[in-house]
Amino acid sequence: QVQLVESGGGLVQAGGSLRLSCAASGRTFSSYVMGWFRQVPGKEREFVVYIGGSGGTTYYADSVKGRFTISRDNAKNTVYLQMNSLNSVDTAVYYCAAGGFLSTRPASYGYWGQGTQVTVSS
């Protein structure tokens, strides 16, 4: 059982930055692959980035490469998503997720947070 809680979303102007946080419960946080996904109404959930359990392996969607950075602090049971150079296309509900292996597919992740809204004005 893993509980995930996202925070840090909000309204930002195009070109601005936000940092999302995902706090996890439990004592086995470092054993999970952590991913960030986003979703807009009427569309399927979209992969953004994942990070391996130790933080040494990351993989970004092409749409966010060079702009977003994922990191994790296993001592704090927290994963972060630093988002820079935000564009209106980044507007979505952002979800963090925990899974057992490296994957870009939502179905591969068994635990999900409640989501946090990111709105980029243009």
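What counts and what doesn't
Residues numbered from 1 in each chain as written. Predicted model: local features only at pLDDT ≥ 70, side-chain atom pairs only at ≥ 80, totals over all residues. Heavy atoms only, no water. Pairing = 2+ DSSP bridges. Helix = DSSP H or I, 4+ residues; strand = E, 2+ residues; numbered from the N terminus. Axes fitted to C-alpha atoms, helices over the stretch in contact; angles between N-to-C directions. Contact = heavy atoms within 4.5 Å. Buried < 20%, exposed > 50% of the residue type's maximum accessible area, 1.4 Å probe, protein only. Salt bridge = Lys/Arg side-chain N within 4 Å of Asp/Glu carboxyl O. Polar contact = N/O pair within 3.5 Å; in protein donor to acceptor, adjacent residues only side chain to side chain.

Visitor: Which residues make up the sheet that holds strand β3 (residues 18-24), and what values go with them?
Guide: One key point about sheets: their strands pair by backbone hydrogen bonds, in either a parallel or an antiparallel sense. Taken in spatial order, the four strands make up an open sheet running β1-β3-β8-β7, and their pairing is antiparallel. If you trace the sheet from one side to the other, it starts and ends with β1 (4-7) and β7 (68-73), each paired once. Between one strand axis and the next, the sheet turns through 15° on average, direction left out of account. Note: β1 against β3, four bridges, orientation antiparallel. By the bridge assignment, serine 7 is partnered in β3 with serine 21.

Visitor: Help me get a handle on the environment of tyrosine 111, residues and values and all.
Guide: With respect to the helices and strands, tyrosine 111 occurs in strand β10 (residues 109-112). When the C-alpha atoms of tyrosine 111 and alanine 97 are compared, they prove to be 5.4 Å apart, with 14 residues separating the residues in sequence. The contact partners of tyrosine 111, leaving out residues within four places of it in the chain, are Gln1, Val2, Leu4, Tyr32, Cys96, Ala97 and Ala98.

Visitor: Quick rundown of unusual backbone geometry? Include the residues and the values.
Guide: With a phi angle near 55°, asparagine 77 is a residue other than glycine that sits in the positive phi range. For asparagine 77, the position within the fold is in the loop between β7 and β8 (78-83). One non-glycine residue with positive phi stands out, namely serine 85, at about 50°. In this structure serine 85 comes out as partly exposed when scored by relative accessible area, which is 44%.

Visitor: Go over the pattern of salt bridges, please, and point to the residues and values.
Guide: Under the counting rule described, the total for this entry stands at four salt bridges. Residue lysine 65 is joined to aspartate 62 by a salt bridge in which the shortest nitrogen-to-oxygen separation is 3.0 Å. The partly exposed category is assigned to lysine 65, whose relative accessible area is 47%. Exposure remark for aspartate 62: the relative accessible area of 64% places this residue in the exposed category. In this structure, the salt-bridge partner of aspartate 90 is arginine 67, at a minimum N-O distance of 2.8 Å. Pair noted here: aspartate 90 is in the loop between β8 and β9 (92-99) and arginine 67 is in the loop between β6 (58-60) and β7, with a separation of 23 residues, a long-range link. Relative accessible area serves as the criterion here: at 17%, arginine 67 is assigned to the buried category. One continuous salt-bridge network, built from bridges that share partners, spans Arg38, Glu46, Arg67 and Asp90.

Visitor: Now, about the side chain of arginine 67: what can you tell me, with residues and values included?
Guide: Polar contacts involving the side chain of arginine 67 include one to the side chain of aspartate 90, which spans 2.8 Å. Excluding anything up to four places from it in sequence, arginine 67 contacts Gln82, Met83, Asn84, Ser85, Leu86, Asn87 and Asp90.

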